[in-house]
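These are the residues of each chain, in order.
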Amino acid sequence: MDLSRSGKESGDIAIPVREVKSSRSGKESGDIAIPVREVKSSKSGKGVPPVVVAAPTRLGQASPAGWKRGVAIIDLILRICAIAATLGAAAVMGTTSQNLPFFTQFFQFQASYDDFPTFTFFLAGNAITCAYLVLSLPFSIVCIVRPHIIGPRMLLLIFDTLALALTMSAASAAAAIVYLAHNGNPNTNWPALCQQFNEFCPRVSGAVVGSFLGVLILAVLVILSAAALRRN
């Protein structure tokens, strides 16, 4: 400015006067600009230290695990019920036998399950299914502990389907023989055996009902396993 220039020429000590300008003018004139930090609102996000916010847990991440664990618990309970049903059916059929109180010198009227190949197949089918269900209990427990695991669930689905087919075929074949034993078939001269063997027929009928109950439980198990695998 003029004051500083005149002071230099006259030899006097000149007091430097520096104009206070904005940050833009300071950059253009070469003076040292005092840095000014602008404080803005939290909406802009500038000048505000970052805030670490924990990401909220979505409901969809925790819900499948709890749902599958609940399905696995129901699966275990139904397997125990199916074991009881198939074991009871096999035990009742295997111990069914009746001797009529009258007999002759050459004939004795007796009815036993092993006199009918269909009942023998019924006993074997239910025994195999019961043994499989007992062996499948550890896999069902694994599905409770680790609900997201796929291998044991897929294995249970496959063998449950096979056990369902075996038990259904055995129960259906036995039901046909029980129907003939109760009603007979006049066209083929098949008499109604239950009119004479009044203890044999109720026992085999109860065994068939228990087997069909096992079939129903196995069908529910297959549906539950398929639904649990579908949610993966």
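Whatever comes next refers back to the structure up there.
Below you will find a few notes about this structure. Just so we're clear, the structure is a prediction, and the values are computed from it rather than from any experiment. (Residues numbered from 1 in each chain as written. Predicted model: local features only at pLDDT ≥ 70, side-chain atom pairs only at ≥ 80, totals over all residues. Heavy atoms only, no water.)

Topic: helix H4 (residues 117-145)
Phase 1 of the analysis: Over its 29 residues, H4 runs 43 Å from end to end, which matches the ideal 42 Å to within 8%, given 1.5 Å per residue.
Phase 2 of the analysis: Maximal helix bending in H4 amounts to about 35°, located at Leu-137; proline Pro-138 follows within four positions. (Helix = DSSP H or I, 4+ residues; strand = E, 2+ residues; numbered from the N terminus. Expected span 1.5 Å × (residues − 1). Bend = angle between axes of the 7 residues up to and from the residue.)

Brief notes about the environment of Ala-228
Phase 1 of the analysis: With respect to the helices and strands, the residue Ala-228 is situated in helix H6 (residues 200-230).
Phase 2 of the analysis: Put simply, Ala-228 and Arg-153 are 75 residues apart on the chain and 8.1 Å apart in space, counted from C-alpha to C-alpha.
Phase 3 of the analysis: Leave out the neighbours within four places in its chain, and Ala-228 touches Trp-67, Lys-68, Val-71 and Arg-153. (Contact = heavy atoms within 4.5 Å.)

A short note on the packing of aromatic side chains
Phase 1 of the analysis: Within this structure, the stated rule accounts for 2 aromatic pairs.
Phase 2 of the analysis: Between Phe-116 and Phe-119 the ring centres are 5.1 Å apart and the planes differ by 55°, which places this aromatic pair in the tilted class. Here Phe-116 matches Phe-119 in class, with each residue buried. (Phe/Tyr/Trp six-rings, centres within 6.5 Å; stacked < 30°, edge-to-face > 60°. Buried < 20%, exposed > 50% of the residue type's maximum accessible area, 1.4 Å probe, protein only.)

Let's talk about the packing of H4 against helix H5 (residues 151-183)
Helices that pack against each other are described as a pair by the angle of their axes relative to one another and the distance between those axes.
Phase 1 of the analysis: As a packed pair, H4 and H5 sit with axes 9 Å apart at the nearest point and diverge in direction by 160°. Taken together, the axes of H4 and H5 lie roughly antiparallel to each other. Classified by chirality, the crossing of H5 by H4 is left-handed.
Phase 2 of the analysis: Its residues placed into classes, the contact of H4 with H5 shows 20 nonpolar, 8 polar and 2 charged. (Axes fitted to C-alpha atoms, helices over the stretch in contact; angles between N-to-C directions. Parallel < 35°, antiparallel > 145°, perpendicular 65-115°, else oblique. Left-handed = near helix turned anticlockwise from the far one by under 90°. Nonpolar A, V, L, I, M, F, W, Y, C, P; charged D, E, K, R; others polar.)

Comments concerning a nonpolar patch on the surface
Phase 1 of the analysis: A cluster of nonpolar side chains, Phe-139, Ile-150, Met-154, Leu-155, Ile-158, Phe-159 and Leu-162, forms an exposed patch at the surface whose accessible area comes to about 610 Å².
Phase 2 of the analysis: Of note, Phe-139 is situated in helix H4.
Phase 3 of the analysis: On the basis of relative accessibility, which here comes to 36%, the residue Phe-139 falls in the partly exposed class. (Patch = residues over 30% accessible without salt bridge, like charges linked within 9 Å, V, L, I, M, F, W, Y side chains within 5 Å. Areas by Shrake-Rupley, 256 points an atom, 1.4 Å probe, with all protein chains shown as cover. Salt bridge = Lys/Arg side-chain N within 4 Å of Asp/Glu carboxyl O.)

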